[in-house]
Amino acid sequence: MTAKNLDGKTLAEEIRREVATGVAEIQKKHGVTPGLAAVLVGDDPASAIYVRNKRRACDEVGMISDTFLLAADATHEEVLNLVARLNDDPQFHGILVQLPLPPQVDELAIIESLNPNKDVDGLHPFNVGKLVQGRADFIPGTPFGIQQILIRNGYDPASSNVVVCGRSDIVGKPLALLLMQRADGANATVTVCHTRTKNMAEITSQADILVAAIGSPNIITADMVKEGAIVIDVGINRVDDASRKRGYRLVGDVNYEAVSKKAAAITPVPGGIGPMTIAMLLVNTLTATRLSIHGNGS
Ligand code: GUN
């Protein structure tokens, strides 16, 4: 079997076009332009690239976007004060605090200081709680993007065995909650594997839909995948490559070469889940704008 390539880049373009239509509608009806503030602390090159890409995407759909930079040695209070200022700034309907934050900053306290109605990453405990209850306003971008790439390619997760490798607050946990809920585009039987899981290959081999969100290059090998599975690769890992001008290339958590011969469908890296995450952040920013106008996201 040769897997279908699940093209996140093209699908993300389609979603951005939908968002652009929504932005134009809000401007026409309410005279409001959706705005996203990104907070970037320090000079981690990967984080800077993420934030730049998010900003470009905002510009493309007609949203206002601004990046607020703090030095790598910024104090916890400085970050807290910046978030407080953005919470009160009506120009910004969404706030994204790029993670990870430096060690002197208490990440969870910063997330908890966000106005939950501006928390477009869906990480505030209020929004996590709403996701648990199946009534989320904001689904974190990566899980939301994974659900959309499945549904829009005709793969309804209902009654499937979904195995998620990784238990992060930003991907693994919210994805498990999202796909297990009683709702269209969900209703899956979800298993979560992590670093302390015994016999992970035995569990992944049962997956109809296998999601790799581990952060180790090529760790999911063909023997861990069921024939005909749908494979979603969330990993974005830099590996040294002297043949590239920049000295590295990006690879996923899945050994694409081998697994694409066995799976029915697979997301590439790059061009799979990465662009979907950004597109869904824009969807959430539109939702936040509607929340600020109507008091709900509709
Ligand atoms: N760092 C890596 N991915 C993300 C993301 O989706 N949102 C935020 N805020 N930080 C990240």
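Before any of the text, the structure's been laid out above.
Read on for a plain summary of the structure. (Residues numbered from 1 in each chain as written. Predicted model: local features only at pLDDT ≥ 70, side-chain atom pairs only at ≥ 80, totals over all residues. Heavy atoms only, no water.)

1. Here's the deal with the sheet that holds strand β2 (residues 35-41)
Stated formally: Strands pair, by our definition, only if DSSP identifies at least two bridges between them. Put simply, DSSP marks the helices as runs of H or I at least four residues long and the strands as runs of E at least two long, and each gets a number from the N terminus on. Each axis is a line fitted through C-alpha atoms, and for a helix only the stretch in contact is used; angles between axes span 0 to 180 degrees, taken between their N-to-C directions.
Pairing in this open sheet of 3 strands is parallel, and the strands run β3-β2-β4 from one edge to the other. The sheet is open, and its two edges are formed by β3 (64-70) and β4 (94-97), each paired on a single side. Direction aside, neighbouring strands of the sheet carry axes that sit 15° apart on average. Here β2 pairs with β4 via 4 bridges, running parallel. Directly across from Leu36, in β4, lies its bridge partner Gly94.

2. Side note on the sheet that holds strand β7 (residues 209-212)
Definition in use: Whether two residues touch is decided by their heavy atoms; if any such pair falls within 4.5 Å, the residues are in contact.
Strand order in the open sheet formed by 6 strands is β1-β11-β8-β7-β5-β6, and the pairing between neighbours is parallel. The open sheet has two edge strands, β1 (4-5) and β6 (189-193), and neither has a second partner. Judged from the 4 bridges that link them, strand β5 (residues 161-165) and β7 form a sheet pairing that is parallel. Bridged to Val162 within β7 is Ile209. Across the sheet, helix α6 (residues 141-151) touches β7 and β8 (230-233), and the angle it forms with β8 is around 150°. Across the sheet, helix α7 (residues 172-180) lies against β5, β6 and β7, angled at about 165° from β6, the strand it touches most.

3. Digging into the packing of aromatic side chains
Any pair of aromatic rings gets described here by the distance separating the centres and the angle formed by the planes. Keep this limit in mind: In this scheme Phe, Tyr and Trp rings, the latter by its six-membered ring, pair at centre separations within 6.5 Å, and the angle between planes marks the pair as stacked below 30 degrees, edge-to-face above 60, and tilted otherwise. Exposure classes here rest on a 1.4 Å probe applied to the protein chains alone. A residue is buried below 20% of its type maximum, exposed above 50%, and partly exposed in between. Look at NZ for Lys and CZ for Arg. If either is within 6 Å of the ring centre and within 35 degrees of the ring normal, a charge sits over the ring.
Using the criterion set out here, one finds 1 aromatic pair in the structure. Ring plane angle 90° and centroid distance 5.6 Å describe the contact between Phe68 and Phe92, whose orientation is recorded as edge-to-face. Linking Phe68 in strand β3 with Phe92 in the loop between α3 (76-87) and β4, this pair joins segments that are 24 residues apart in sequence. Take Phe68: its relative accessible area is 15%, and that puts it in the buried class. Across the ring face of Tyr248, the terminal group of Arg238 is positioned such that the distance to the ring centre comes to 4.2 Å.

4. Section: the pattern of salt bridges
For clarity, the cut-off: By salt bridge we mean one thing: a side-chain nitrogen of Lys or Arg within 4 Å of a carboxyl oxygen of Asp or Glu.
In total, this model carries 9 salt bridges according to the counting rule given. With a closest N to O distance of 3.4 Å, Arg152 and Glu14 form a salt bridge. Of the two residues, Arg152 sits in the loop between α6 and β5 while Glu14 sits in helix α1 (residues 8-30), which places them 138 residues apart along the sequence. Take Glu14: its relative accessible area is 34%, and that puts it in the partly exposed class. Close ionic contact of Lys226 with Asp208 constitutes a salt bridge, the shortest N to O distance being 2.6 Å. Within this pair, whereas Lys226 is found in the loop between β7 and β8, its partner Asp208 is found in the loop between α8 (200-204) and β7, the two being separated by 18 residues in sequence. In this structure, a network of salt bridges that share partners links the residues Glu14, Glu18 and Arg152.

5. Quick notes on the side chain of Lys130
One can find Lys130 in helix α5 (residues 125-132). On the basis of relative accessible area, Lys130 is assigned to the buried category, the value being 13%. Those residues in contact with Lys130 that lie beyond four places of it in its chain are Arg135, Ala136 and Asp137.

6. Some details on the site of the ligand
Stated precisely, the cut-off is as follows: It suffices for a single heavy atom of a residue to lie within 4 Å of a molecule or strand for the residue to be listed as near it. Polar contacts, as used here, are pairs of N or O atoms within 3.5 Å; protein pairs need one atom able to donate a hydrogen and one able to accept it. Residues neighboring in sequence count only if both atoms are side-chain atoms. Here, Shrake-Rupley sampling with a 1.4 Å probe gives the accessible areas, and only protein chains in the shown set may cover a residue. Lys, Arg, Asp and Glu make up the charged group, whereas Ala, Val, Leu, Ile, Met, Phe, Trp, Tyr, Cys and Pro make up the nonpolar group; the residues left over, Gly among them, are polar.
Every residue lining the ligand is accounted for by Tyr50, Lys54, Val97, Gln98, Leu99, Asp121, Ile170 and Thr277. Here a nitrogen atom of the ligand and a backbone polar atom of Leu99 are 2.9 Å apart. Across the complex, the protein chains shield 82% of the 280 Å² of accessible surface that the ligand would expose by itself. Class assignment for the residues of the shell around the ligand results in 4 nonpolar, 2 polar and 2 charged.

7. Points about the packing of α6 against α7
To keep it simple, the criterion reads: Note that the term roughly parallel is reserved for angles under 35 degrees, roughly antiparallel for angles over 145, roughly perpendicular for angles of 65 to 115, and oblique for everything else. Two helices crossing with the near one rotated counterclockwise from the far one by less than a right angle form a left-handed crossing, whereas a clockwise rotation gives a right-handed crossing.
Closest axis-to-axis distance for the α6/α7 pair is 8 Å, and the angle between their directions is 40°. Here α7 runs oblique to α6, going by the angle between their axes. When the axes of α6 and α7 are compared, the crossing they make is right-handed. Residues Pro143, Phe144, Ile146 and Gln147 of α6 form the contact with α7, whose own contacting residues are Pro174, Leu175, Leu178 and Leu179.

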